Each structure stands twice: as C-alpha cells, then as structure tokens.
Number of protein chains: 2
Amino acid sequence: MVVCPPMCHDGQARASTPRRRVDEQTASTERGNGNRKPPATIYDIARLTGVSASTVSRALNKPGRINVRTERRIRDAAESLGYRINPMARALPTGRTGTLALLVSDITNPVYFDLVRGAERVASATDHTLVFAESQESAEIELSTAERLQPAVDGVLLVASRLSDEQIFELSATKPLVLANRRVGEIPAVVPDVTPGIIEALDHLKQLGHRSIGYLAGPEASWMNRARWDALFENAVGRGLSIVEITAAAPTVDGGASALRRVVASGVTAVITYNDLMGLGLMRACRAEGIGVPERLSIIGFDDIFGSDLTTPALTTIRSPLAAIGEAAMRRLLAEVRDDLDADAEPPLPTEFVLRESTGAPTAGSPEA
Amino acid sequence: MVVCPPMCHDGQARASTPRRRVDEQTASTERGNGNRKPPATIYDIARLTGVSASTVSRALNKPGRINVRTERRIRDAAESLGYRINPMARALPTGRTGTLALLVSDITNPVYFDLVRGAERVASATDHTLVFAESQESAEIELSTAERLQPAVDGVLLVASRLSDEQIFELSATKPLVLANRRVGEIPAVVPDVTPGIIEALDHLKQLGHRSIGYLAGPEASWMNRARWDALFENAVGRGLSIVEITAAAPTVDGGASALRRVVASGVTAVITYNDLMGLGLMRACRAEGIGVPERLSIIGFDDIFGSDLTTPALTTIRSPLAAIGEAAMRRLLAEVRDDLDADAEPPLPTEFVLRESTGAPTAGSPEA
DNA sequence: CTGAAAGCGCTTACAG
DNA sequence: CTGAAAGCGCTTACAG
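Residues numbered from 1 in each chain as written. Chains lettered and ligands numbered in written order. Predicted model: local features only at pLDDT ≥ 70, side-chain atom pairs only at ≥ 80, totals over all residues. Heavy atoms only, no water.

Below, the discussion takes up the sheet that holds strand 10 (residues 316–319) of chain B. Residue and element names in this part refer to chain B. Strands sit in the order 7-6-8-9-10-11 across an open sheet of six strands; the sheet is mixed. Whereas interior strands pair on both sides, the edge strands pair on one side only; in this sheet they are strand 7 (242–246) and strand 11 (352–354). The average angle at which neighbouring strand axes cross in this sheet is 20°, direction not considered. When strand 8 (residues 270–273) meets strand 9 (residues 298–303), the two strands line up parallel, connected through three bridges. From the neighbouring strand, alanine 270 faces strand 9, where its bridge partner is serine 298. Its contacts with the sheet place helix 9 (residues 195–208) against strand 6 (212–216), strand 8, strand 9, strand 10 and strand 11, and it is angled at close to 40° to strand 11. (Pairing = 2+ DSSP bridges. Helix = DSSP H or I, 4+ residues; strand = E, 2+ residues; numbered from the N terminus. Axes fitted to C-alpha atoms, helices over the stretch in contact; angles between N-to-C directions. Contact = heavy atoms within 4.5 Å.)

Given below as structure tokens:
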C-alpha cells in the first residue's frame, strides 16, 4: 500500500482552510479517483491572481460588477486552471441546484421520445441539467421517485402522472411542479387540445360512410384517456355517429392485439385507439386473423409515434404535438422555479389528423362478415 | 408588497445558526417558493430529540453505530418532520453526489430506449439518480455537455461516443467514465460481441443461395460501424461470399431509403444495414419503387428496435442485447466510482440473429432485373 | 471596486 | 455511545 506523504498534493496551505478533506490520505492511495487531480476551486484562482475568493466569485458570476482588468485576470486564471464551478457548493447557499427532473411512466414508450427531447432542449438551452426517471406505470414508484428526486432539483415535471390528485398537491407543496398531459386543479399544466384532431378524424370516418365507431380505451388512471374519450363522445354524438368504449388489457401493442376479438364482437366498422401502440397491435392481430385493414376494419391511432408510418398499411392517426408539449412544459417549469408570475402565455397545442392508409370505406357488413 | 415579519418562519433560533439565509425575507414575499415551507434539516431533528446534529447524522447513515433507542427516536422524529437529506449538502463534505450521467447521441433513436432503461434500472436500484442528455450527433455538443455535467456527477457513461480518443482520455482523467458501444484504450467499456449474430446471418444468407452481399454503412465516426463491418468482412470472405460496403447519407430511415439506388446499382442480392432504422428505410423505398422484399432484395437490419417486427414484411435483424449493455455499463460505472478493483467480470453480450420475413432466396437476376 | 466573515446542511476525526 | 468543532466550496450582506 502506497502511503501519500502529508504535502504531496498541495504544498501551499490555503488561505482559510487549515484542514483538508479528512479522507484525502486514504482516497489518494486507491486507484480510480486517487489518480485524478482534485478540481480547482475559487481559492486556487484567488491565490493565483492575488485577490479574495469573494472577488473571484463576483468576477465569475456578475460580469461588469468589478474592475474590468481584474475580471480579465480572474477569467484567464480560471481558464488556465480548468476551473469548473462546483454545482453542489453553489446550491448550498443559493438553494438553487440548476437541475430539473422529468418523470415519465415508461421510458421505452415511443410517445415520450419527442416530449423528452423537447424538454431536454429547453433545459440545456437554459443551462439546466435534466434528471430523468421512469415510474414503470406504478403510482407507488412514481411517488417515491419524485420524493427522492425533489431535494436534488429545483422543480419536477410529471408526464402523464398516475398519482392521485392529493399526492400531486402534496408534491407541489414542496417544490415547483408542472404537469404534462394531465390537469389537476390549479397546478400548472401543459396539455394538448385533443378536439381538433378528433373532429377531423370523426368527419373523415363519417364521410367514408362509417356510422358505428369504437374507442379502444387506455388505462383507467390516465387523465388523457378520459380527455380523449370525452371529446370523442361529445363530438360523435353531435355528428350522428354511434360510439362505444371498448376496454383493453394494456395500452401497448399486445394490449391492442388482444382486444381484437372484442372489437370484432362490438360490430363497429372503425376504431380509434387510445394510442398508436394499440392501433399497431390491433393491425397486427387483424393481419394474423386475415381481417383486411382498412377494407373490413378502419383503424385510427393516437399520437403519431415513431414507426406508425412504417407499417403496411401505414397507420392513420391523430398526432399530438409531443415535442411542443415537452418544450412548453419545461418553459412553464422554469417560470415556476423563477417565480416568474407573468410567464408568456403559451399558445394552444392542437392535435392534428394524419391521414394514411389504415382507414377506408366500410364494407356492407361488420368486420366478421 | 407583503413584507414578512422577522420571525414568521421559525420562532426558535437554531442552535448554531444565528443568521438565516440572506435572501429569506425577499424570497418569502414572492409567490411560488415563498409559500413553501423550507425542508427540515438534521438540526430540526436534533432540536426535537434533544441530541446533537452529529448524532442525528450517524443515526441516519450508520445504523447500529449508536444507541438503538436513540436511533429509534431520531428516525421517528425524522419521519414526523418529513425529513429528506439534502444531497447537495451531503455532497460537499463527501465529494459524492449520488448521481450518474448518461450521454447518448440522439434521444429519439429507438436503439437507445432499452439501453437507457437498463441503465436507469441499475441506477435507481442502487439509489442513484440518473442525469440524462443528448449530443445530437455532434462531438462538440457531446464534449461541452460532458464537461458541464461532470462536476455534478460521480461518473459518466458515454454511449456510442463520437468524441476523439484523446477527448475521451481527457474526460476520464477528471472523473470515472465508462463507454458503451465503443472501445478506447484501457478505458472501461461495455460492447456486445457482434460476431455470433453476424455469423448466423451470413450462414442464413448463404444457405438461401446469396453470393453477393452489401453492407449499408453507418457514420464514419462510429466505432460500432467499424466493428460491424470488420466482423462482416472477415466472416463473409471465409464463407466464399462477396461483400461490399455501400455508404449512406445518415443512419436513419431517410438515410436508408435514399441509399436504395446505390444498393440496386451494386448488384447485390442481399443487404445488411448498419441499423434497423436504415433497414426500415430501405424497405420503405423498395415498396415505393415496386422492388419486392425479399423476392428481389433480402434485407437484414441490426439492433432489433421497436417497430422492426411491425412492418410488412417484418424485418429480419441481428439483435443487440441493448438492455443488458445498459445494465452492465452502469454496473461498471458504479464499480469505477466506488474504486471497486475487482468488480465481477461481466458475462459476454452476444448478438443474436432474428429471422423474420425480409430475407428469402434470391431470384435469378440482381434486383434491377 | 474589494475583502473578511458568516452561513448554506451535511460529515467525521477527535476527544471524551 | 455522543458532542463540539472544523471543514466541504460557494455566495452575499456588510463595511470599507
């Protein structure tokens, strides 16, 4: 075991730090971290430039508030030392961590890709770090994860939260919190307007001659599922279309596939699915069963995820502005964090009907014909 | 403007903190954060239980090292105060942040989904927080992001890094760093073994009667692209198959689609693509051009991403054990962070051939026939 | 414009 | 088993 002599790292004692990190000796005898030089601090810069740490701090944080030449020297010294501020040390006195959390129910659900990317974009554009976790569709995991993350971040963004209203209220009492794809009381939320896309989809189906439509439902606990069903119901009835809600085991490809029998039994000629995953699954099951799409069954998905235009037939769908939702939600969260009372009102986020190949005129009979 | 009277938050002065946070008065007059109660600290627990903060710290961190009844009382008090440790405050004396960074080139690339999920799983299983960012296929962004993140994390995992070997060495001199899907010198890395899947694919094609195979290449800067080509080259030649590398504009669906003309011109009867995205794009272009898959062109993708089994025909592919790579890489990173010299050797991560519908016997002529 | 000092919320060697 | 004290690397009100 190599023992490090007392002064091997730092011959000059620091101005006001007579004792160095307690475990330094042992740490330096180990491999990985031991070989790495400890990062420079503002005290190193102070020593190098002959000013106080306070001045270094000011020079680096409030440009223009100190002597321009001193600032120059300090910046040069910082540069030459490869100085990077220690975010934890800054967070302590300021209470600001510079990081934001994003919680989704399922990382591998393609719906979130663009949303996450949108959020990440505005986070890094504003020099924030994004912390990222998934709840695996479990409210319990969602809650414990949010609680675990909260102390380390300035605010959290909950996407399609499965928590109860009360749990969400409690979380938002601790730190700034924003919701995406869900609405709870007055808590800041960013949700798309599902109606435009739904109206277009309904008009399209009606025009093709469909009279009886099914909605393959999403999770009970999903606010968005409710919102979609409500908009569908309301607008179908007004158009003289009959609409029926069909339950599915899960909002996944397999969940959609396994719902085919119930869809067929319902006698509808067209079905709108809670999301594209289910629509894709339904299509796959139709193919396996020899049910032609769209000849015998028209299918419309929701979201327009990656892959929905790659199938045969390509999936007709109602697109959600996912990236825009992610961006808007993140901006909203930043406004909350900054206590920015009059954040710019965000523009509405309408859904949009995307016509592809999985819809067509109904044949005379129902799908089992 | 509502001004908060001096003692409105905290009537009892703290044992050893005569002065409270400097900006408290102003902060408390604002909205958002102003309404939130400041989180409890170990001093609150100490006061409540009549012990010192040191004892509270020990009780919470080294169970069993203090009086069992005292520990109980402290835990109860912590619970009743809703205490959560402040990770920034802990990080300062210990130098451990409890967070790990994950950098990918493109968040929306489905290849990373399972890898990211695997990494997230082991991070949260070991009570670590995952910080997440994308470099948008730019080495410059990758570098600045890594540098920005480093001070805030205990280690970073670079997935399919586009940096130069030197840049990677430099980064790893600062903090623990692990590579996934790339190898650079002795830097800890987790890469799959591409050979088994490639051999199976080649044998399959040979058996079908193909003699001339194309490889639709990925990005120049991609280590994995090189690895795949090398394994392909080596094993094709040994089997008496001719193989040719065909360049593509980008490793995306569109990049694959726009390469069709070059593929056709090459005269190969089967093509293996750098990734599934390109395979999917190529298939889409074939459909648009009326080129039958697999009758006139066999296509094999790489990775087995979401959606590759949803197309018609379903894409035959070489699967990478993405989730396992993410998990292994994260475990490796944790071992680095802990200076764990003898981390368990991870098992090999072989690729695997997945036969679906996009491969078949070649017709007499080449695809343009 | 600049410095000395106190404090952010923890941890831990040291000394009972 | 427990406490007093010092320190982690910053920020900022206060006083020149």
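Once that is clear, we can look at the sheet that holds strand 10 (residues 316–319) of chain A. Residues and elements named next belong to chain A. Reading across the sheet, the six strands line up as 7-6-8-9-10-11 and stay open at both edges, with mixed pairing between neighbours. Only two strands of the sheet have a single partner each, and these edge strands are strand 7 (242–246) and strand 11 (352–354). Pairwise comparison of adjacent strand axes, ignoring direction, gives a mean angle of 20° for this sheet. Here helix 11 (residues 223–238) sits on the sheet in contact with strand 6 (212–216), strand 7, strand 8 (270–273) and strand 9 (298–303), set at roughly 160° to strand 7.

We now examine the pairing of strand 2 (residues 129–134) of chain A. Side chains on a regular strand alternate between the two faces of the sheet. All names here are of chain A. Of all six residues making up strand 2, six are buried, and the element is well covered by its neighbours. Burial along strand 2 is two-sided: Thr129, Val131 and Ala133 facing one way and Leu130, Phe132 and Glu134 facing the other are all buried. Both strand 1 (residues 99–104) and strand 2 contribute to a ladder of six bridges, which runs parallel. Opposite valine 104, over in strand 2, you have glutamate 134 as the bridge partner. (Buried < 20%, exposed > 50% of the residue type's maximum accessible area, 1.4 Å probe, protein only.)

Residues and elements named next belong to chain A. Looking at the secondary structure, you find tryptophan 223 in helix 11. Exposure remark for tryptophan 223: the relative accessible area of 27% places this residue in the partly exposed category. Here the alpha-carbon distance between tryptophan 223 and arginine 183, two residues 40 residues apart in the chain, equals 7.5 Å. Of the polar contacts made by the side chain of tryptophan 223, one reaches the backbone oxygen of arginine 183; its length is 3.5 Å. (Polar contact = N/O pair within 3.5 Å; in protein donor to acceptor, adjacent residues only side chain to side chain.)

Here we come to unusual backbone geometry. With an omega of 10°, the peptide bond between Val293(A) and Pro294(A) qualifies as cis. Structurally, Pro294(A) is set in the loop between helix 14 (276–289) and strand 9. One non-glycine residue with positive phi stands out, namely Glu137(B), at about 60°. Here Glu137(B) is to be found in the loop between strand 2 (129–134) and helix 7 (139–149). At Ala160(B), a position not held by glycine, the phi torsion is positive, near 50°. Residue classification places Ala160(B) among the buried positions, given a relative accessible area of 11%.

Residue and element names in this part refer to chain A. Between helix 7 (residues 111–125) and helix 15 (residues 322–337), the shortest axis-to-axis distance is 7 Å and the interhelical angle comes to 40°. Put simply, helix 7 runs oblique to helix 15. For helix 7 against helix 15, the interelement crossing comes out right-handed. Residues Val111, Asp114, Leu115, Gly118, Ala119, Val122 and Ala123 of helix 7 pack against Leu322, Ala323, Ile325, Gly326, Glu327, Met330, Arg331 and Leu334 of helix 15. (Parallel < 35°, antiparallel > 145°, perpendicular 65-115°, else oblique. Left-handed = near helix turned anticlockwise from the far one by under 90°.)

Turning our eyes to something else, we now look at the interface of chain B and chain A. Accessible area lost upon the coming together of the parts serves often as the stated size of an interface. In this complex, chain B contributes 64 residues to the contact, which on the side of chain A involves 65 residues. Interface of chain B and chain A: buried area, both sides summed, is about 5,800 Å²; carbon and sulfur atoms make up 53% of it. On inspection of chain B and its partner chain A, the count reaches 12 salt bridges. A salt bridge links Glu134(A) to Arg121(B); its shortest N-O distance comes to 2.8 Å. Seen at the junction of chain B and chain A, the total is 23 residue pairs in polar contact (both at pLDDT 80 or more). (Buried area = accessible area lost by both parts, 1.4 Å probe. Salt bridge = Lys/Arg side-chain N within 4 Å of Asp/Glu carboxyl O.)

Looking now at the environment of Leu130(B). Following the sequence through the fold, Leu130(B) ends up in strand 2. When the C-alpha atoms of Leu130(B) and Leu102(B) are compared, they prove to be 7.0 Å apart, with 28 residues separating the residues in sequence.

Burial along strand 8 of chain B is two-sided: Ala270(B) and Ile272(B) facing one way and Val271(B) and Thr273(B) facing the other are all buried. In this fold, the crossover linking strand 8 of chain B to strand 9 of chain B by way of helix 13 (residues 276–289) of chain B has right-handed handedness. (Right-handed = clockwise from strand over helix to strand, strands pointing away.)

Here we come to the relation of the copies chain B and chain A. The two copies are related by a screw operation: chain B maps onto chain A through 180° of rotation and 0.0 Å of translation along the axis, at an RMSD of 0.1 Å. Both copies of the chain, as the preceding transformation shows, are related through a two-fold rotation axis. Counting the interface residues of chain B, we find that 100% of their copies in chain A are interface residues as well, pointing to one common contact surface. (Least-squares fit on C-alpha atoms with pLDDT ≥ 70 in both.)

In an α-helix, one turn spans 3.6 residues, which is why side chains three or four residues apart end up on the same side. All names here are of chain B. A rise of 1.5 Å per residue sets the reference length of helix 14 (residues 322–337), with its 16 residues, at 22 Å; its end C-alpha atoms lie 22 Å apart and thus fit the reference within 8%. Along helix 14, the positions that sit buried rather than exposed are Leu322, Ile325, Gly326, Ala328, Ala329, Met330, Leu333, Leu334, Ala335, Glu336 and Val337. Once helix 14 ends, the next one or two residues include aspartate 339, with phi positive near 55°. (Expected span 1.5 Å × (residues − 1).)

Counting residues in each nonpolar core, the largest one holds 149 residues, and the members touching the most others are Leu102(A), Leu157(A), Val159(A), Ile272(A), Leu102(B), Leu157(B) and Val159(B). Those residues within four positions of Leu102(B) in sequence are excluded, and the remaining contacts are Val116(B), Ala119(B), Leu130(B), Val131(B), Phe132(B), Ala133(B), Leu157(B) and Val159(B). (Core = buried A, V, L, I, M, F, W, Y, C linked by side-chain atoms within 4.5 Å.)

Per the counting criterion, the structure on display carries six aromatic pairs over all chains. When the ring of Phe113(A) is compared with that of Phe113(B), the centres are 3.0 Å apart and the planes differ by 40°; the resulting orientation is tilted. Here Phe113(A), found in helix 7, pairs with Phe113(B), found in helix 6 (residues 111–125), and the two come from separate chains. The same class applies to Phe113(A) and to Phe113(B), which are both buried. Among the aromatic residues, those joined into a cluster by ring pairs are Tyr215(A), Trp229(A) and Phe233(A). Lying across the ring of Phe302(A), Arg228(A) places its NZ or CZ 3.8 Å from the centre. (Phe/Tyr/Trp six-rings, centres within 6.5 Å; stacked < 30°, edge-to-face > 60°. Lys NZ or Arg CZ within 6 Å of the ring centre and 35° of its normal.)

Function-wise, these values are silent; they only describe arrangement.
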